[in-house]
Amino acid sequence: MESLIQNILNALQWGSFYSLIALGYTLVYGVLLLINFAHGDIVMVGAYIAFFVSSLLLGHYHSIPIALSGGMALVLTIPLTMILTSIVGVSLERIAYRPLRRKGAHRLYVVITALMCGLVLENGNLALLGASRKKFPEMVDKVIYTFGTVSVTNLKIAVILTAFLVFFLLQFIVTKTKIGMAMRAISYDKFAVPLMGIPIDSVIVFTFILGSSMAGLAGVLFALSYPILDPYMGLTIGWKAFIAAVVGGIGDIRGAFAGGFILGFLEIMVVAFFPSTYRDLFSFSILLFILTLRPTGLFGVPKTTKI
Amino acid sequence: MTVLKIDGLTQYFSGLCALSDFNIKLKAGELVGLIGPNGAGKTTVFNLVSGFYQPTKGDIFFLDQPIDGLKPHQVTSRGVARTFQNIRLWNEMTVLENIMLAQHASLGYGIRDLFFRTGRYQRREQKIRNLAMELLEIFKLTELAEEKPKNLSYGLQRKVEIARALSSRPQLLLLDEPAAGLPSQDVVELIELIHWIHREFKIAIWMIEHQMKVVMSLCSRITVIDFGVVIAEGTPEEIQHHPGVIKAYLGDDQL
Amino acid sequence: MIKQKLTVPITLLALLMTVMLLAQYEVIDLYIQTIILFVGINIIISSSLNLVNGHMGEFSCGHAGFIAVGAYVSSVLSVALFAQDRIFGAPLLPPQYAFIGFPLVLLAGGIAAAFAGLLVALPSFKTRGDYLAIITIAANYIIITLIINIDKIGGARGFMGMKRVIFAMEDVAEIPWMILWVFIFTVLSIIAIRRFVSSTYGKGIIAIQQDEVAAEIMSVNTNKMKLIAFMLSSGLAGIAGGLYAHVIGYVNPKSFDILKSTEALVMVYLGGMGSITGSILSAILFTLLLELLRPLQIIKWVAIPLLLIILMQFRPEGIMGNRELADIFPRLKKFYRFK
């Protein structure tokens, strides 16, 4: 019984990461109908940015005379990482996606561009920083709370809380604010929106800022939880989070949120009962199965083409 | 002989009733019209007959065989052909290829034949090609065989689309707003074309159309629907003076 | 007339002879030979994916999964049948017959891969576009994980022994066998694809790409055609996988992951969706580019995606667009009786 609770807690934490990343995917897809395949790699970039920022703040670079305590550094690292990661995300949008959008290029070409941008980020990192993995500095003391045989660290709780907070924040923005409405409007009719006086480019930039900063946040949290960084860390988790978003119903924030946790649960439960090499096998198979039953995802709205 | 029989056809799209208790009988060789205001459910009827939707309730019989539940390509193979409101030609293929492809279900050779380029493959491909060229000749489109539809005028594209639909020699032709988007001179030609097809091919034609000139001059019988319900049925003269129809419409071409 | 129609077969034969002689007498060393072999294999990979992603206009992202199936099935079969090895023991058939068995084993790999393609394509019917991407990516992962979990054939450690099969063939005749096989199967694959898409039957998939609703209403059984195209595509990928496995002599599930699938995607979009000539050209270009950039190992995989990004910006239709060589040089049409 207690190991079940332990597993549930682990699943919640693991699922939180998928959710955070899936939320980023779904934001951009919901607005632009673009699968930003580079998103997972932006998470990786976020993790690396966090690494450098925190190392700097902690005084690891002796040429720069700062030395903050772990807690202070963390408080600064998170927003700095989010801002810097948004810059990366927005740059991608300006340099690679917007010109194609202007030209009215076929969606496929943008998707391929996104895929390639991801590769550039991964391998660019590899080229610039080398193959040796980076270890993320310890910033906050781990506090373990135990209830019987169930233990959970403060970090795990923080991750889960963050995922829920981000979800509610995004849900609020998208449903209750004007810019959220603009975002939704663009997904329905890209051409009518500018005619209504809504600056489409600004809204899209805002979407990318939101999505990329969430990716940055996910990156920081992931780096704190699993301190070994490597350039390809965004690849698998990115693809999986994307599939999770689709299973949940891509384009819908609740779908992405649910999908991330479903995947998290699936993976933890599979590993609890089967050898870990079966993890991907089962989780993907089950996800595919869900998709077969509900092709547009759990929360997705079936799109009909007019014949 | 009854070519098409529809009984109690009702269609719901998640709570929205698009069609309610639609009935009709088409006899061989009839030219019947289906009219109604926008959104009345006309294309839904066609989509149901074609097999794009499963009916919520009701039966569709083609040549006394039930066809509701069949996939569109199966319905077409049985002898129902169709055109669309927006011309759906394959724009990157030639006109000839467009016509040849319409015979996809009756090619008569298999995968092995096509990989080994057997005698059967060569003969059948030649036969399909000949049939397509014949059709183009009948329609006086021979010079356009190697053209791509995107380079043709809208009127010619419409003609090609109708020719393509007829290449499988169907017994029922569904025309969905064939005059849509045509300049008035082309509309006159279209009316003559449909007249001619009706006589030449001796097939039943069921036509959705907004332009009254077309409907009134071609159809022997017209069904009017509005909000998914049949509100009138009869000859063109009867429909022209039907008060319910006039009320529902109020706004299209001069009757 | 007949002389013109035979030009292509004769040229191909001459090419084969030349390369084999050059290899036989070691005018070109093993390194160059391997590059030539990879060109052939990549041609098959690129043109087979082009069937689904180009001609049919879908977005399949997991091609490497099918390559893996073919690689493993044919490797296990050929080693078990024709070679002595630790896992399977003595060869089940006399090694002298390896040169007869090899093409059959390759075909077996292709059939297995085609079957895998069938399994992947079936759930995709209710979906299209973005969703096929997911299904194929997931399938890629599933196939890799399945292989990793089959310990008998090496699991994550990989499987080897294929070189012994080649040695067995060389015992019969001292010729560069792999050059022969890669050449034959590359040519056969291209012919198969060409014949498929130039027949009215095969054009059904092009009709699906241009307007699926129209295709369905014009009596094309779209579901069946998608299945067939998918199976042909994955089957050929399986053959490429079998060839790849025997050229390298060692297979490892990691070599067939999403990165390999991405290589295949790059080749297709570089060459031009729906152009067989394009796939051939881009495969050659891509293979050579990879080799040229080998000294700059690390930036290789920065340069290639960048190339594609720039391509998407300025010439998204790729090198050939959707045209074939004969569309650009119409006089070439005299030399073969296609389109």
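Residues numbered from 1 in each chain as written. Chains lettered and ligands numbered in written order. Predicted model: local features only at pLDDT ≥ 70, side-chain atom pairs only at ≥ 80, totals over all residues.

## Brief notes about the overall build of chain B
A count of helical and extended segments in chain B gives 10 helices and 10 strands. Against the 2.2 N^0.38 benchmark of 18 Å for 255 residues, chain B shows a C-alpha radius of gyration of 19 Å, consistent with a compact globule. Principal-axis analysis of the C-alpha atoms places the extent of chain B at approximately 65 × 40 × 35 Å. Buried positions account for 42% of the 255 residues belonging to chain B. Of the contacts formed within chain B by residues at least 6 apart in sequence, a portion of 67% connects residues at least 24 apart. (Helix = DSSP H or I, 4+ residues; strand = E, 2+ residues; numbered from the N terminus. Rg over C-alpha atoms; globule rule 2.2 N^0.38 Å. Buried ≥ 20, exposed ≤ 12 C-beta atoms within 10 Å, placed from the backbone. Contact = placed C-beta atoms within 7 Å.)

## Notes on the domain arrangement of chain B
All names here are of chain B. Domain boundaries assigned for chain B yield domain 1 (1–79 + 170–203 + 210–255) and domain 2 (91–169). Put simply, the middle of domain 1 and the middle of domain 2, counted by C-alpha atoms, are 27 Å apart. On the side of domain 2, 10 residues touch domain 1, which itself brings 14 residues to the contact. Ranked by residue count, the leading element in the side of domain 1 that touches domain 2 is helix H7 (residues 184–201), at six residues. When its residues are assigned to classes, the side of domain 1 that touches domain 2 shows eight nonpolar, four polar and two charged. (Domains from an automatic or database assignment. Nonpolar A, V, L, I, M, F, W, Y, C, P; charged D, E, K, R; others polar.)

## So, the interface of chain C and chain B
Taken together, the contacts link 22 residues of chain C with 25 residues of chain B. Among the elements that take part in the side of chain C that touches chain B, helix H9 (residues 200–210) of chain C stands out by supplying eight residues, more than any other. Of the residues contributing to the side of chain C that touches chain B, the split by class is 10 nonpolar, eight polar and four charged.

## Here's the deal with the packing of helix H5 (residues 154–176) of chain A against helix H6 (residues 178–188) of chain A
Residues and elements named next belong to chain A. Relative orientation of the contacting elements H5 and H6 amounts to 75°, with a least axis distance of 5 Å. On the basis of their axis angle, the class for H5 and H6 is roughly perpendicular. Every residue of H6 that contacts H5 at Ile 173, Val 174, Thr 175 and Lys 176 is listed here: Gly 180, Met 183 and Arg 184. Among the residues forming the contact of H5 with H6, the class breakdown is three nonpolar, two polar and two charged. (Axes fitted to C-alpha atoms, helices over the stretch in contact; angles between N-to-C directions. Parallel < 35°, antiparallel > 145°, perpendicular 65-115°, else oblique.)

## Focus: the confidence of the model for chain C
Here chain C shows a mean pLDDT of 87. Residues at 70 or above account for 94%. Predicted complex metrics record ipTM = 0.88 and pTM = 0.88. (pLDDT = per-residue confidence, 0-100.)

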